[in-house]
Amino acid sequence: MRHRVVTLISPVQEMYPVTSASAVFGYHGPDIPEHYAFALCAERPGPVRTTMGVDVIVERGLEALAEADTLLVSGWCAGPEVSPELGAAVLSAHARGMRIMAICSGIYVPASLGLLDGRAAATHWELADELAARFPRIRPDASVLYVDHGDVATAGASATTVDLCLNQVRRDHGAALAMRIGRQLSAAPHREGGQRQYPELPTAGPVPDSLAPLLDWITANLERPLRVEEMAARSGLSRRTLSRHFTDQLGVSPGRWLLDRRIVGARALLEETDLPVETIAQRVGLSSAVNLRRRFHNALNTTPAAYRRSFR
């Protein structure tokens, strides 16, 4: 049975996170396994107004939560208050194991129900102060893309919907499937939740060029023993300037971003091939099986062999 993702929408609904989630959890053609079923629901079924100026017809009400495996709250224009009917339906479904993903103002739903008490939550910077004042037991973080606690995950901005949804695919079915779906959508390389929501702009001088061409080149050359000096030279920057751009735009150092890409590449090869660990280590630039095992355990708290058994 396919994993049922239900998206709760409310007037006036921004459609970008809804369509982004549908793109990840929808049909991807005969060559990609169809693990998810995607549907909409609303507190009051019928026409729901959107920011596009047109209505979306939603056929299902809160009864859809009784059979949902994941609830996506794609924004919440109704404000911080949650009706007793919605609260009861969400809490009941969460108690039986339903996962909740809240995008931007959608955080008001799990926050109002106490599901984020004592936890960090990714928050849009415009909502951070209000959220902290209204829900003092939550630790809002406006600097990161998303925070995933397993049963509840939050994303700070609509543009991170694809990142958070691909993160769920990665959790459920491994990095290889998430990479295949991401490639089909032409999504950016996997972004960890701890990366920045937005780059910090310099106070003077031109805005630095995007790192995207360099990141694409790094990803295509993982098998090479890349050094930060080589990355900097390719970008026409000093090592210090490149490091500053990585920190400002991605929230991590160049070396850490490179290591993360190597681990993601190793995960995909463990899932999709029977290659020996030594060969995989060489293909992703980690030089040896010993180094791969050490890095893999530090990143995922498991061994390559155990990971392969879980996702093959």
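One can find the structure itself at the top, above this paragraph.
Residues numbered from 1 in each chain as written. Predicted model: local features only at pLDDT ≥ 70, side-chain atom pairs only at ≥ 80, totals over all residues. Heavy atoms only, no water.

Section: the pairing of strand 10 (residues 152-155)
Of the two faces of strand 10, the one lined by Val152 and Thr154 and the one lined by Ala153 and Ala155 are each fully buried. Of the strand pairs in this sheet, strand 9 (residues 146-148) and strand 10 are connected by three bridges, and their pairing is antiparallel. Of the residues in strand 10, the one forming a bridge with Asp148 is Ala153. Hairpin connection of strand 9 to strand 10: three residues between the antiparallel strands, including Gly150 at a positive phi of 95°. (Buried < 20%, exposed > 50% of the residue type's maximum accessible area, 1.4 Å probe, protein only. Helix = DSSP H or I, 4+ residues; strand = E, 2+ residues; numbered from the N terminus. Pairing = 2+ DSSP bridges.)

What about the pattern of salt bridges?
Under the criterion given, the structure shown has 13 salt bridges. The salt bridge involving Arg239 is made with Glu229; its shortest N-O contact spans 2.4 Å. Here Arg239, found in helix 9 (residues 239-250), pairs with Glu229, found in helix 8 (residues 228-235); they are 10 residues apart in sequence, far enough to count as distant. Judged by its relative accessible area of 45%, Arg239 is partly exposed. (Salt bridge = Lys/Arg side-chain N within 4 Å of Asp/Glu carboxyl O.)

Re the nonpolar core
Side chains of nonpolar character tend, in soluble globular proteins, to be buried together. Core analysis: the largest hydrophobic core is formed by 52 residues, its most contacted members being Val24, Phe25, Leu65, Val90 and Val169. A per-element tally of this core places helix 5 (residues 161-173) first, with five residues. Excluding anything up to four places from it in sequence, Val169 contacts Val24, Phe25, Tyr36, Gly174, Leu177, Ala178 and Ile181. Counting residues in each nonpolar core, the second largest holds 16 residues, with Leu215, Trp217, Ile218 and Leu226 among its members. (Core = buried A, V, L, I, M, F, W, Y, C linked by side-chain atoms within 4.5 Å. Contact = heavy atoms within 4.5 Å.)

Here we look at the environment of Thr7
Within the secondary structure, Thr7 is located in strand 1 (residues 3-8). Once the C-alpha coordinates of Thr7 and Arg256 are considered, the two residues, 249 residues apart in sequence, prove to be 34 Å apart. Apart from residues lying up to four places away in sequence, Thr7 is in contact with Val18, Phe38, Ala39, Leu40, Cys41, Leu72 and Ser74.

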